[in-house]
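Breakdown of the fold
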Amino acid sequence: MSNAVSSEELAKDTGKSAGRIGVYLLIAIALGYVLTVVWGRTLSPADNAVLLSFWGMLMGLGAALSPLEQEISRQSAHAALEGRKAGRPAVIAFVTSLVAVGVAALFTLIPAVTDKVYGGQFALAVIVLAGGLSFAFQFAARGLLIGQDHVRSYSWLILVEAAVRILVVAALVVAGLTQLYWFAIAAATGSFAWLLFARGAAKLVDPKLDADEPAKPVVTNMLMLLAGAGLTASVITGYPALVSLLAPGGDKDALGVLFLALFVARTPLTLMAPVQALAVPTVVRLSSTEEGKHRLRKLLALGSAGALALAALGALIGWLIGPWVVRLVYGAKNDPEAWWMAGLVWSSVLLAAMQLLAAVLVAQAKATKVLITWAAVVVATALVLLFFPGDTVVRAVVGLAAGPTVGLLVVMAFVVRGRPGTTNADA
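Summarised in this report is the structure supplied together with it. In this text, all values refer to a predicted model and were calculated from it rather than measured experimentally.

Rules of the game
Residues numbered from 1 in each chain as written. Predicted model: local features only at pLDDT ≥ 70, side-chain atom pairs only at ≥ 80, totals over all residues. Heavy atoms only, no water. Axes fitted to C-alpha atoms, helices over the stretch in contact; angles between N-to-C directions. Helix = DSSP H or I, 4+ residues; strand = E, 2+ residues; numbered from the N terminus. Parallel < 35°, antiparallel > 145°, perpendicular 65-115°, else oblique. Contact = heavy atoms within 4.5 Å. Nonpolar A, V, L, I, M, F, W, Y, C, P; charged D, E, K, R; others polar. Core = buried A, V, L, I, M, F, W, Y, C linked by side-chain atoms within 4.5 Å. Buried < 20%, exposed > 50% of the residue type's maximum accessible area, 1.4 Å probe, protein only. Phe/Tyr/Trp six-rings, centres within 6.5 Å; stacked < 30°, edge-to-face > 60°. Lys NZ or Arg CZ within 6 Å of the ring centre and 35° of its normal. Left-handed = near helix turned anticlockwise from the far one by under 90°. Expected span 1.5 Å × (residues − 1).

**Some details on the packing of helix α3 (residues 66-81) against helix α4 (residues 88-107)**
- Orientation of α3 relative to α4, taken along the N-to-C sense of each, is 175 degrees, at an axis distance of 10 Å. Here α3 is positioned roughly antiparallel relative to α4, judged by the angle of their axes. Residues Leu68, Glu71, Ile72 and Gln75 of α3 pack against Pro89, Ala90, Ala93, Phe94 and Ser97 of α4.
- When its residues are assigned to classes, the contact of α3 with α4 shows 6 nonpolar, 2 polar and 1 charged.

Structure follows, in structure tokens:
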């Protein structure tokens with residue numbers, strides 16, 4: 001019996017799910033900004049730069065695991081259409097991701113890397129390792145929940161992750177423990193929110209199903225997706241670390257202000273994973289009918305064109321009021337240049353559009369094209385950081401604007417000119 005649904009029914013169901021997730025997502029974003037207010041007003045600009053570099057690595061590992069959530073949500077959505085649970089391939093995807101994130105986190109324990117990224121503070125690298133491994137469990141649970149349309153539990157998991165951090169930070173402030181290390185521990189606690197939802201998520205997977213499926217294609221696909229997401233993370237949450245590695249030096253106080261402004265502009269992007277995860281099963285279901293494929297093509301074309309116009313408008317608003325907003329929220333000592341904020345908003349809007357379009361490629365099992373897309377972003381950004389004339393701050397701002405512009409053009413070419421109905425491996 002077919003479980004295909006009409007595009008009208010799917011649009012209605014998706015709208016309800018997106019509405020619920022959107023509300024919880026907005027609350028989570030607001031809680032994330034509360035963190036930045038506490039850090040920005042408590043720490044010096046130089047210490048804040050170190051903490052935000054740490055946060056970039058931690059959340060960068062989380063962002064790098066977003067393909068795990070998307071891939072498991074894809075498998076789970078297909079299983080749901082067939083009236084069953086996700087099987088062994090989902091477990092293989094999880095184990096592959098767990099090992100990969102562990103290796104990546106261990107890399108940051110190398111003294112040379114620790115010196116550049118964490119200012120030589122080894123304990124921060126250990127916290128990143130623990131948080132990164134926990135994120136693998138969290139994203140697997142989220143993928144199972146959203147793939148099987150357990151929107152309520154999924155939404156609560158998003159909210160709990162952000163709320164836990166705030167509660168721990170509040171307790172630290174009350175106790176007078178406002179040193180950098182304590183804030184770092186508080187930041188990592190959110191990655192353990194999955195423990196409250198583990199039982200429900202475990203019921204949605206059965207490792208005995210699809211036991212005859214070969215592991216190699218799943219492992220290969222996941223490694224490509226994780227590599228692409230790692231590149232993604234390096235220009236979103238991990239951008240301060242990327243700047244520290246490729247363009248070290250410069251005015252540390254100015255960089256601290258820039259990174260704080262970057263945090264403001266990038267925080268919503270760290271929570272795009274739920275929207276991407278919702279997009280994946282939606283594309284899978286739309287692609288199950290000819291009517292849905294036609295609707296998907298139209299949405300992709302309109303959305304791609306609108307992204308550039310929205311980015312231009314956002315850049316103008318960032319130029320006009322961005323510095324004032326940062327000073328108002330974080331104090332007069334944090335005073336970014338207007339053109340910094342214009343570049344930040346431009347790049348953030350384009351990155352959000354890219355993340356959604358990349359999720360479409362994930363739903364179509366086009367892992368190679370996802371990797372190419374984010375490689376284009378990182379290469380363009382790295383070239384600017386290494387060779388663009390000007391000091392570190394100038395290179396950082398130009399790089400974060402140039403990379404996403406190149407990447408959006410690449411991913412638009414893939415999804416708008418591609419075949420929305422494709423769900424097999426890359427050709």
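**So, the nonpolar core**
- Core analysis: the biggest nonpolar cluster contains 119 residues, and Trp39, Phe54 and Leu408 have the highest contact counts within it.
- The element best represented in this core is helix α15 (residues 338-363), accounting for 14 residues.
- The residues touching phenylalanine 54, leaving out its near neighbours within four places in the chain, are Tyr118, Leu124, Ile127, Val128, Ala184 and Ala187.

**Some points on the packing of aromatic side chains**
- All told, the structure shown has 3 aromatic pairs when counted by the stated rule.
- With 5.0 Å between their ring centres and 65 degrees between their planes, phenylalanine 94 and phenylalanine 137 make a pair best called edge-to-face. With phenylalanine 94 in helix α4 and phenylalanine 137 in helix α6 (residues 122-147), the pair connects residues that are 43 residues apart, well separated along the chain.
- Note on phenylalanine 137 and tryptophan 194: the rings are 4.8 Å apart at their centroids and 15 degrees apart in plane angle, and the pair reads as stacked. Residue phenylalanine 137 is located in helix α6, and its partner tryptophan 194 is located in the loop between α8 (180-189) and α9 (198-202); the two are separated by 57 residues in the primary sequence.
- A relative accessible area of 16% means that tryptophan 194 is categorised as buried.
- Each member of the aromatic cluster is reached from another via a ring pair, and the members are Phe94, Phe137 and Trp194.
- We note arginine 142 situated over the ring of phenylalanine 139; from NZ or CZ to the ring centre the distance is 4.6 Å.
- Lying over the aromatic face of phenylalanine 414, lysine 369 brings its terminal NZ or CZ to 5.8 Å of the ring centre.

**Describing the packing of α4 against α6**
- Taken N-terminus to C-terminus, the directions of α4 and α6 make an angle of 160 degrees; their axes are 9 Å apart at the nearest point. Comparing their axes, α6 and α4 come out roughly antiparallel. The two elements α4 and α6 meet at a crossing, and its hand is right-handed. Along the contact surface, α4 presents Phe94, Leu98, Val101, Gly102, Ala105 and Leu106, while α6 presents Leu129, Gly132, Leu133, Ala136, Phe137 and Ala140.

**So, helix α10 (residues 215-235)**
- For α10, with 21 residues, the first-to-last C-alpha span of 31 Å sits near the 30 Å given by 1.5 Å per residue.
- Of the positions making up α10, those classed as buried are Val218, Asn221, Met222, Leu225, Leu226, Gly228, Ala229, Thr232, Ala233, Ser234 and Val235.

**What about the environment of histidine 150?**
- Along the chain, histidine 150 falls in the loop between α6 and α7 (151-175).
- According to the relative accessible area criterion, histidine 150 is partly exposed, its value standing at 33%.
- Histidine 150 has contacts with Leu145 and Leu204, leaving out every residue within four places of it along the chain.

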